[in-house]
Amino acid sequence: MSVPLLAIAAWSGTGKTTLLQQVIPLLKARGIRTGLIKHTHHKMDIDTPGKDSYLLRKAGADQVIVASNQRWALMCETPDQPLNLAELAAQMDSSALDLVLVEGFKDEPVPKIVLWRRDIKGEVEDLMDEYVIALASDEKSSINIPLLDINQPVNVADFIENWLNTSR
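Calculation criteria
- Residues numbered from 1 in each chain as written.
- Predicted model: local features only at pLDDT ≥ 70, side-chain atom pairs only at ≥ 80, totals over all residues.
- Heavy atoms only, no water.
- Helix = DSSP H or I, 4+ residues; strand = E, 2+ residues; numbered from the N terminus.
- Buried < 20%, exposed > 50% of the residue type's maximum accessible area, 1.4 Å probe, protein only.
- Contact = heavy atoms within 4.5 Å.
- Areas by Shrake-Rupley, 256 points an atom, 1.4 Å probe, with all protein chains shown as cover.
- Lys, Arg positive; Asp, Glu negative; His and termini not counted.
- Charge placed at Lys NZ, Arg CZ, Asp CG, Glu CD.
- Pairing = 2+ DSSP bridges.
- Axes fitted to C-alpha atoms, helices over the stretch in contact; angles between N-to-C directions.
- Core = buried A, V, L, I, M, F, W, Y, C linked by side-chain atoms within 4.5 Å.

Some thoughts on the overall build of the protein
Within the protein, the secondary structure is distributed over 4 helices and 8 strands. Projected onto the principal axes, the alpha-carbon positions of the protein cover approximately 55 × 35 × 25 Å. Within the protein, the fraction of its 168 residues that count as buried is 35%. Here the contacts in the protein between residues at least 6 apart in sequence split such that 58% fall between residues at least 24 apart. Of the roughly 10800 Å² of accessible surface on the protein, a fraction of 50% belongs to carbon and sulfur atoms. In the protein, 17 positive and 23 negative side-chain charges are present, and the distance between their average locations comes to 6 Å.

Observations regarding the sheet that holds strand β5 (residues 99–103)
Here 6 strands make up an open sheet; going across it, the order is β2-β5-β1-β6-β7-β8 and the pairing parallel. Each edge of the open sheet is held by one strand with a lone partner, namely β2 (34–38) and β8 (147–149). Within the sheet, the average angular offset between the axes of one strand and its neighbour, ignoring direction, is 25°. The pairing of strand β1 (residues 5–9) with β5 spans 4 bridges and is classified as parallel. Bridge pairing in β5 places Ala7 opposite Val102. The sheet strands contacting helix α1 (residues 16–29) are β1, β2, β5 and β6 (112–116), and the helix crosses β5 at an angle near 170°. Here helix α4 (residues 153–167) sits on the sheet and contacts β1, β5, β6, β7 (132–137) and β8; the angle it forms with β8, its principal contact strand, is near 140°.

Remarks on the nonpolar core
One finds Leu27, Leu99, Ile113, Leu115 and Ile160 to be the most contacted residues of the largest nonpolar core, which totals 22 residues. Those elements giving two or more residues to this core turn out to be β1, α1, β5, β6, β7 and α4. By residue number, the principal contributor to this core is α4, which donates 6 residues. The residues contacting Leu115, other than those within four sequence positions of it, are Ile8, Ala9, Ala10, Thr14, Gly15, Lys16, Leu19, Leu127, Ala136 and Ile150. Core analysis: the second largest hydrophobic core is formed by 11 residues, Val3, Leu5, Leu85 and Leu97 among them.

Remember, this is a structural readout, not a statement about activity or role.
Set out below in structure tokens:
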């Protein structure tokens with residue numbers, strides 16, 4: 001059985017990471033084992049220039065695992081491949097997770113909660129598609145889906161827990 005994916009989608013500056021930082025511990029306290037896939041538009045490198053793993057990856061290794069007693073990370077060189085959310089999720093150990101939250105990937109065909117704040121560049125309607133299951137906002141909305149208070153992470157966690165229990 002694959003682990004359900006739930007995206008948190010919003011315009012930049014809305015507070016996706018801030019909300020997730022609050023919601024993830026609430027889910028964990030409820031016994032929900034949560035993974036996370038974060039999309040970034042920035043050129044990123046989690047490796048440290050000068051370290052052995054960095055030098056070996058730059059020497060041509062297409063995949064590198066860096067491991068310690070506390071954690072491990074897999075880095076894959078994929079310069080000519082488009083991002084594929086399903087493939088990324090498949091890299092996670094589904095036996096250790098109940099849910100994978102996805103930050104970003106707003107155009108992917110997966111269930112999502114859209115975040116919206118007034119005074120953020122971009123329209124909420126442009127984020128809406130058939131996969132949106134809720135809107136978390138700081139203002140009222142006439143959109144006909146569940147409305148969550150973006151400033152109440154417990155309410156967002158409640159919604160996610162209920163969604164997870166009904167989607168299994």
